[in-house]
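Per-entry structural report
Each chain, letter by letter, is given below.
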Amino acid sequence: MISTEDFNGNPDTQYQWDDGTISPTYTISEPGIYNVIAIYSEDCQIPDTITVELLPAPRAYCGDNREICEGKSLTLLLPENTLITCGAMAAPAQRFR
């Protein structure tokens, strides 16, 4: 979703999107270039474009398989939505938040 929440400080501003929708938010389903017109008044309308890119999720590789002895732990400090792949895991990789 594209949100105009931080675009400007005027709560009366309206935003008209590619499909004619007038809303402070616009739901999208894929990356691309989206056109919007900021409507401040009948006499003042400013067109703009918003480019949305899909970036790959960061990946962390733990190296070869590791054995963790009972009662011991392993702490990984990772950015949100990092995909973890540890050696030849029998289970699918897990996404940690």
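Provided above is the structure to which this section pertains.
Residues numbered from 1 in each chain as written. Predicted model: local features only at pLDDT ≥ 70, side-chain atom pairs only at ≥ 80, totals over all residues. Heavy atoms only, no water.

1. Section: the packing of aromatic side chains
- One pass over the structure, following the stated rule, counts two aromatic pairs.
- Note on Trp17 and Tyr26: the rings are 4.9 Å apart at their centroids and 10° apart in plane angle, and the pair reads as stacked.
- Among the residues examined, Tyr26 registers a relative accessible area of 12% and is labelled buried.
- Judged by centre distance (6.1 Å) and plane angle (65°), the rings of Tyr26 and Tyr34 are edge-to-face.
- Owing to a relative accessible area of 11%, Tyr34 belongs among the buried residues under this scheme. (Phe/Tyr/Trp six-rings, centres within 6.5 Å; stacked < 30°, edge-to-face > 60°. Buried < 20%, exposed > 50% of the residue type's maximum accessible area, 1.4 Å probe, protein only.)

2. With respect to the pairing of strand β2 (residues 14-17)
- Residues Tyr15 and Trp17 of β2 are buried on one face, while the alternating residues Gln14 and Gln16, pointing to the opposite face, are not.
- Direction of pairing for β2 relative to strand β4 (residues 32-41): antiparallel, over a ladder of four bridges. Counterpart to Tyr15 in the pairing with β4 is Ala38. (Helix = DSSP H or I, 4+ residues; strand = E, 2+ residues; numbered from the N terminus. Pairing = 2+ DSSP bridges.)

3. Regarding the sheet that holds β2
- If you trace the three strands from one edge of the open sheet to the other, you get β2-β4-β5, paired in antiparallel fashion. Since the sheet does not close on itself, it has two edges, and those belong to β2 and β5 (44-52), each with one partner. The sheet shows a mean angle of 30° between the axes of neighbouring strands, direction not considered.
- Here β4 pairs with β5 via nine bridges, running antiparallel. Bridging across to β5, Asn35 finds its partner in Thr49. (Axes fitted to C-alpha atoms, helices over the stretch in contact; angles between N-to-C directions.)

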